Amino acid sequence: MAKSSADDEELRRACEAAIEGTKQQVVMSIRVAKTSGIIGIAGKLSRGAMAKPRVLAISTKAKGQRTKAFLRVLKYSNGGVLEPAKLYKLKHLSKVELVTNDPSGCTFMLGFDNLRSQSVTPPQWTMRNVDDRNRLLLCILNICKDILGRLPKVVGIDVVEMALWAKENTPAITKQQANPQDGPVTSVAEEGEMTVTVERELVSQAEEEDMEALLGTYVMGIGEAEAFSERLKRELQALEAANVHAILENEPLIDEVLHGLESATNCVEDMDEWLGIFNVKLRHMREDIESIETRNNKLEMQSVNNKALIEELDRLLERLRIPSEYAACLTDGSFEEARMPQNIEACEWLTNALHGLESPKLDPSYSNMRAVKEKRAEVDKLKTTFVRRASEFLRNYFSSLVDFMMSDKSYFSQRGQLKRPDHADLRYKCRTYARLLQHLKSLDKNCLGPLRKAYCTSLNLLLRREAREFANELRSSTKASKNPIVWFEGLTGLNQSVNNADTSAASEAYAKMLTIFIPLLVDESSFFAHFMCFEVPTLLPPEGVANGNKAGDDKDDDLCIMDIDENDNKSGQNSADIEALNESLHDLLDGIQEDFFAVVDWAGKIDPMCCISMHGITERYIPGQKADAAGFVRILLDDLESRISMQFSRFVEETCHQIERNERNVRQLGVLSFIPRFATLATRMEQYIQGQSRDLVDQAYTKFVTIMFVTLDKIAQTDLKYQDIMLLENYASFQNSLYDLANVVPTLAKFYHQASESYEQACTRHINTIIYYQFERLFQFARRIEDLMYTITPEEIPFQIGLSKADLRKVVKYSLSGVDKSISTMYKRLQKNLASEELLPSLWDKCKKEFLEKYESFVQLINKVYPTESIPSISEMRGLLASM
């Protein structure tokens, strides 16, 4: 048999070198092939990937009184040197399983209970032959038994067969005594005299001796198995016969026990008979007691029921009784203020009586009783009569209150006296009947519609007259110019000025109108929502010192009364009530907007600038009107804002038309009239800005400046000779007049930069025109040279027709012989056509700079093409220009 790798000392030394430094001792090392197991269709493991050569090494490490055992997997590196791959602790070895797919029996798997993923099939180890397999497994099992004190589960391998194999392949060995503290006792044999090292046999020596003694009692040959079986059967039968005989010998004792059991049975039967007799007697007594208790319970229940019935009938009669004082008050009582407590008390009784005759307060079994039906009909009649009488009284009462105030002129504004509307008395008188309205709503919700309509109709007349008288007196008492201001029309000179009279009084009058009436309308809306029992939240309390309530300290005047019915106490909004409230508020306040519109139109005619401040004033009021009771006030403010914006837009359009009409005038020179006028207009508009009216003004700026620039371009194009002069003068005037405003107004800053760019472009065109007019031949000669340099070399240019050196000398002599006079002429020409003298210094500086740049490029071009020709240098020309 070939030598096993387990006996390869070189392999052992290589393994020790690979784990050097771990203080572990290699017990056995053997070469194996590693494959991965794959679960097949039948649920069995099959050979998977290609086998990889590995070395399994069993090592131990002493640590104090304990010894640890390890199973190491080593692999070959690229240089053929062993290096550690994996390390397993043998204390976690739970199973050794033989792979059945390998018919040679050389492949097995080792299962460890500490692996993280138990779902992954463990690797399979394939040995060279069965002997190597047995050597490795016996070594592992012996170490587990000696060091760990337990054996792993062995599947698919016959342990007895392995023990017999170990006995056959283990030669006589020499035992070495060792200290148990030094580790496990191992069997060591001389090298070359043994093929396997076994720590201990699987069957102990004592067990083997017992088996030999048992087999020694039967002197038989190996082939006498049937005779041995027959002998065992005979001995078993003899043993059973001896057991039966022993039982029969004990028969007297059994008879004595049976006699005692029979006596005990007789006693038990006598006792059971006595118990049966007592049970019958007790049953008869229990039946008699139950019969007596049943009769007593029926009598007691009858008594209780009769008493409860009497009490229930008394309560029903009390509920059905109509007190005479309440009936008289409901059918024929007075609604004067002194009698209102009695009316409220009667209403509360009527409401409770109606609820008491309905489920769930009234038992459904009473609903069909004739007495209940008659009383319900009588109470309903009382309710109908009272609701009709109260509604009629309240309609007449609302109308009489308003008629009384309308007939007294002291309630309204008069000539020379503005009167703030005061509804404190009106509200105080109405609060007297607030509780009555809540009871009417509880009794019949449908009755509130006509009452609300009557209240709104009456109070609408009062509010409209108050607003009309106040607005008329406000307009007549405000001192303002009656002549409308025209900003851009009919202005032909710069020295004319518009009327700068202070027109802020018109916008202040509008502000006063809003200050007085918007809180009044909000308060009236809130009071109406509370007073007429709408279930919606309101913005302000319906009474207080701010509203001029003279009885504000009286608790009885508070409209926030506890709801009569708990079911009416709802915090959520009712969409139906909100819709009904909006309709009623429209009836209450409709028509009053016309007086506000009249004030807006009046202020806009006095000075359209007032629209800016009025727009800002209106916007300040809008965010505060968020309550549902202020719905109509929100609509009124939105309409006012739209009216103001529309009027201001009309002013902007008219102003734009005035600017456009300037282009149809006679030929104009210098700064156009609307340029400085716009600066004055913009300054005036900035003074009127309040709140968020900035957007309105910025839109007007955009329209004004756009039409101004378009009109300026059209006017300039009527005379192309002076086009650039007109543009630069007007754009310069625009910048000068708006410099301060452009620093604080972003919109004007944008147009300021646009005018600056247009000014620079017009300056450049005008300066180039003047330069070319005076030095046209010089720079025309340079342009021809530049055009030819794209096609031929500079050396060939002097040989072209018209570009010879003689031609150059003629051009230089013609253009530069009296250059100081030419420059002076250029200055005079610039000065002659310019109407704005303050622009002349800056324009002349730009002209000299532009001419010097053109002349510098001309000199560079001549030096490149005509290097031998001499012309005035750049420094000479710069000095000449500096002296001019």
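Refer to the structure printed above.
This structure is a prediction, so every number in the text was calculated from the model and none was measured. (Residues numbered from 1 in each chain as written. Predicted model: local features only at pLDDT ≥ 70, side-chain atom pairs only at ≥ 80, totals over all residues. Heavy atoms only, no water.)

Moving on, we come to the nonpolar core. Judged by nonpolar contacts, the single largest core of 171 residues is most densely connected at Leu436, Leu440, Tyr455, Phe648, Phe678, Met685 and Phe734. In terms of residue count, helix α13 (residues 504–531) provides more of this core than any other element does, 16 residues in total. If we skip the residues at most four places from it in the chain, Phe734 touches Ile675, Phe678, Val705, Met708, Phe709, Phe751, Tyr752 and Ala755. Ranked by size, the runner-up nonpolar core spans 32 residues in total, among them Ile58, Val73, Phe112 and Ile143. (Core = buried A, V, L, I, M, F, W, Y, C linked by side-chain atoms within 4.5 Å. Buried < 20%, exposed > 50% of the residue type's maximum accessible area, 1.4 Å probe, protein only. Helix = DSSP H or I, 4+ residues; strand = E, 2+ residues; numbered from the N terminus. Contact = heavy atoms within 4.5 Å.)

Going through the model one piece at a time under the given rule, you end up with 17 salt bridges. Between Arg435 and Glu348 there is a salt bridge, and its shortest N-O distance comes to 4.0 Å. Taken together, the positions of Arg435 in helix α11 (residues 434–443) and Glu348 in helix α8 (residues 340–356) put the pair 87 residues apart, joining distant regions of the chain. Note on Glu348: relative accessible area 34%, which makes it partly exposed. A salt bridge links Lys846 to Glu760; its shortest N-O distance comes to 3.3 Å. With Lys846 in helix α26 (residues 840–865) and Glu760 in helix α22 (residues 746–774), this pair connects stretches of sequence that are 86 residues apart. Glu760 sits in the partly exposed class, given a relative accessible area of 33%. A cluster of three or more residues bridged by salt bridges with shared partners is formed by Arg128, Asp132 and Arg135. (Salt bridge = Lys/Arg side-chain N within 4 Å of Asp/Glu carboxyl O.)

Between its first and last C-alpha atoms α13 spans 40 Å; for 28 residues at 1.5 Å apiece the expected length is 40 Å, and the two agree. The buried count for α13 comes to 21 of 28 residues, which makes it a mostly enclosed element. (Expected span 1.5 Å × (residues − 1).)

Here we take up helix α18 (residues 674–688). With 15 residues, α18 extends 21 Å from end C-alpha to end C-alpha; this agrees with the ideal 21 Å at 1.5 Å per step. When we look at burial in α18, the residues that qualify are Phe674, Ile675, Arg677, Phe678, Ala679, Leu681, Ala682, Arg684, Met685, Glu686 and Tyr688.

Now for the packing of helix α15 (residues 593–606) against helix α17 (residues 631–660). Contact geometry of α15 with α17 gives a least axis separation of 10 Å together with a crossing angle of 25°. The angle between α15 and α17 falls in the class roughly parallel. Remark: the crossing between α15 and α17 carries right-handed chirality. Only Phe632, Leu636, Asp639, Leu640, Arg643, Ile644 and Gln647 of α17 make contact with α15, whose side of the interface consists of Gln593, Phe596, Phe597, Val600, Asp601 and Gly604. (Axes fitted to C-alpha atoms, helices over the stretch in contact; angles between N-to-C directions. Parallel < 35°, antiparallel > 145°, perpendicular 65-115°, else oblique. Left-handed = near helix turned anticlockwise from the far one by under 90°.)

The next subject is the packing of aromatic side chains. What characterises a pair of aromatic rings is the spacing of the ring centres plus the angle enclosed by the ring planes. Scanning the entire structure with this criterion turns up 29 aromatic pairs. Between Tyr455 and Phe531, the aromatic rings sit 5.8 Å apart at their centres with planes inclined by 50°, giving tilted as the arrangement. Remark: Phe531 occurs in helix α13 and Tyr455 occurs in helix α12 (residues 448–477); sequence separation between them is 76 residues. Take Tyr455 and Phe531: they sit in the same class, and that class is buried. Following the ring pairs from residue to residue traces out a cluster consisting of Phe648, Phe651, Phe678, Tyr701, Phe704, Phe709, Tyr731 and Phe734. It is Lys750 that lies over the ring of Phe751; its NZ or CZ is 4.9 Å from the centre. The ring of Tyr773 carries the charged tip of Arg829 above its face, separated from the ring centre by 3.8 Å. (Phe/Tyr/Trp six-rings, centres within 6.5 Å; stacked < 30°, edge-to-face > 60°. Lys NZ or Arg CZ within 6 Å of the ring centre and 35° of its normal.)

A few words now on empty space enclosed by the protein. With the rule as written, the count across this model stands at three cavities of 30 Å³ or more. Estimates place the volume of the second largest cavity at around 40 Å³. Lining the second largest cavity we find Phe398, Leu401, Val402, Leu426, Cys430, Tyr455, Ser458 and Leu459. Contributing elements (two or more residues each) for the lining of the second largest cavity: α9 (370–407), α10 (424–431) and α12. Residues that form the lining of the second largest cavity fall into these classes: seven nonpolar, one polar and no charged. (1 Å grid on protein atoms, 1.4 Å probe; cavity = no way out; pocket = protein on both sides within 12 Å on 5 of 7 lines; lining within 4 Å. Points joined across faces, edges and corners; volume = space filled by probe spheres on them. Nonpolar A, V, L, I, M, F, W, Y, C, P; charged D, E, K, R; others polar.)

Interaxial distance between α12 and α13 falls to 11 Å at its minimum, and their mutual angle equals 170°. Of the possible angle classes, the one that applies to α12 and α13 is roughly antiparallel. In this structure, α12 contributes Arg452, Tyr455, Cys456, Leu459, Leu463, Glu466, Ala467, Phe470, Ala471 and Leu474 to the contact, and α13 contributes Ala509, Lys512, Met513, Ile516, Phe517, Leu520, Glu524, Phe527, Phe528 and Phe531. Taken together, the residues that form the contact of α12 with α13 break down as 16 nonpolar, no polar and four charged.

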